[in-house]
Amino acid sequence: MKFISIVLVLLFGPHNFDSQTLMSQSEVQALWKEYAQRGDVLVSDIRPKFRRVLDSHDKARESGLEYQFIVTGNTNAFARPDGHTIITSSFLQIIDSMATVMSAAQTFNKPACLGSYIEYLAAGTRENSRLVVHKHQPKPVAMAFGYWQINPSVCGGLSEAAFRSNKKADDLRELMIYASVIYLIGHEFAHHKYHDDEFTEVTPEQRQLHIAQGLDVSREVIPSEQVIKEQRADLFAFHKMIEMDYPPLAAMPVLVFFLGLEGYSPEQSINADHPAAVVRFSDMISTTEGDSEFQELIHQHNLDQQWAQFVLFGKQLQAEQ
Ligand SMILES: [Zn+2]
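Anyway, here's the lowdown on the structure attached to this text. Positions within a chain are numbered from 1, following the residues in the order the chain's sequence is written. pLDDT decides what is reported in this predicted model: residues at 70 or higher carry local features, side-chain atom pairs at 80 or more are listed and counted, and totals for whole chains, interfaces and linings draw on all residues regardless.

### Things to note about the sheet that holds strand β2 (residues 66–70)
Within a beta sheet, neighbouring strands are joined by backbone hydrogen bonds and run either parallel or antiparallel to one another. Threshold: In short, DSSP must find at least two bridges between two strands for them to pair. Secondary structure elements follow DSSP: runs of H or I of four or more residues count as helices, runs of E of two or more count as strands, with numbering from the N terminus. To get an axis, a line is fitted to the C-alpha atoms, and for a helix only the part in contact is used. The angle between two axes follows their N-to-C directions and goes from 0 to 180 degrees. For every residue pair, C-beta atoms are placed from the backbone, and the pair is scored as a contact if these atoms sit within 7 Å.
The three strands lie next to each other as β2-β5-β4, forming an open sheet whose pairing is mixed. The open sheet terminates on both sides in strands that have one partner only, identified here as β2 and β4 (77–80). In this sheet, adjacent strand axes meet at a mean angle of 20° when their direction is disregarded. In the packing of helix α3 (residues 89–107) onto the sheet, the strands contacted are β2, β4 and β5 (84–88), and the crossing angle to β5 comes to about 55°. The strands that helix α8 (residues 167–193) touches are β4 and β5; relative to β4, the one it contacts most, it runs at about 30°.

### A few points about helix α1 (residues 25–52)
Formally: Helix span, as expected, comes to 1.5 Å for every residue beyond the first. To obtain the bend at a residue, axes are fitted to the seven residues ending there and to the seven starting there, and the angle between these axes is taken. Buried, partly exposed and exposed are defined by the number of other C-beta atoms within 10 Å of a residue's own C-beta, namely 20 or more, between the two limits, and 12 or fewer respectively, with C-beta atoms placed from the backbone.
Between its terminal C-alpha atoms α1 stretches 41 Å, which fits the 40 Å expected from 28 residues at 1.5 Å a residue. Helix geometry: α1 is bent most strongly at Ile46, by close to 30°, with proline Pro48 lying one to four residues after it. Residues of α1 that are buried: Val28, Leu31, Trp32, Tyr35, Ala36, Gly39, Leu42, Ile46 and Phe50. Tucked into the core, α1 has its buried residues touching α2 (56–63), β2, β5, α3, α8 and α10 (223–243).

### Focus: the pairing of β5
As defined by bridge partners, β2 adjoins β5 across five bridges and the pair is classed as parallel. Across the sheet, residue Ile70 finds its bridge partner in β5, namely Thr88. Summarising the sheet, β4 and β5 pair through four bridges and their orientation is antiparallel. Across the sheet, Ala79 pairs through a bridge with Thr85, a residue of β5. Here β4 hands over to β5 after three residues, with Gly83 in that stretch at a positive phi of 85°.

Below you can see the structure in the form of structure tokens.
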């Protein structure tokens, strides 16, 4: 996926929040190790279910893959040409936090809390990425439970205890985490399947130079071509989610996080190698509207209503432009 590399270092813990005490480096590392272990458990659970919706050729390909959660503050997921799908532990942490806030927003009717958290998380990650690039120390960014405590004006009444004692909220969160990981697995699998992972990204200028030098450019990809590969991977992932009875809507923690990070803008920098999240949504919707097989699949799996909500959400985002 190689979404955008973003850095989240020195996160506040998911438990008691105290603005005076940051987590130490070793505590942060321990937390990320926990997320990596949790990711391993999720992937082991999802893989056999994912294989069931693959054809025999893809099944064999998937069986040969290895999945690895790496312990880092760099939020990322990508397919490596040696057959590894890499997901970072802090990516899972972000998914967890986003799923928590989204689930709370829905269960306890706190949409403003979700909106402010998306902006807060995006601003924090953008700022940390900038700081790290300039060799400065990144700043702490609060995860869901900590954020509720520091922002009572919009998230008042929400607490970790109240959240955990509400089974509906907790179940919805787990569903969204699970579905988000299915989406990541499906998206990265498509990159392996189509050998997208064997290409090196270059700028159009670099490619021109390589051609002039008589070099082999058959394994080079420029950003505008990469965007098409990303759309194909998204479509594949959503197809497989539906076949597994998971509505694409449930993968919102991943997509909404990137929407926030991009400031809800569909504009891409000239070297953007992934379609902006808003573009991903609108492409997704227009592609599926014309794809009778996809529509039939949604209908068969009784996901018409969830799909309609997903489409509505995408249209609302476009309307906000
Ligand atoms: Zn990708």
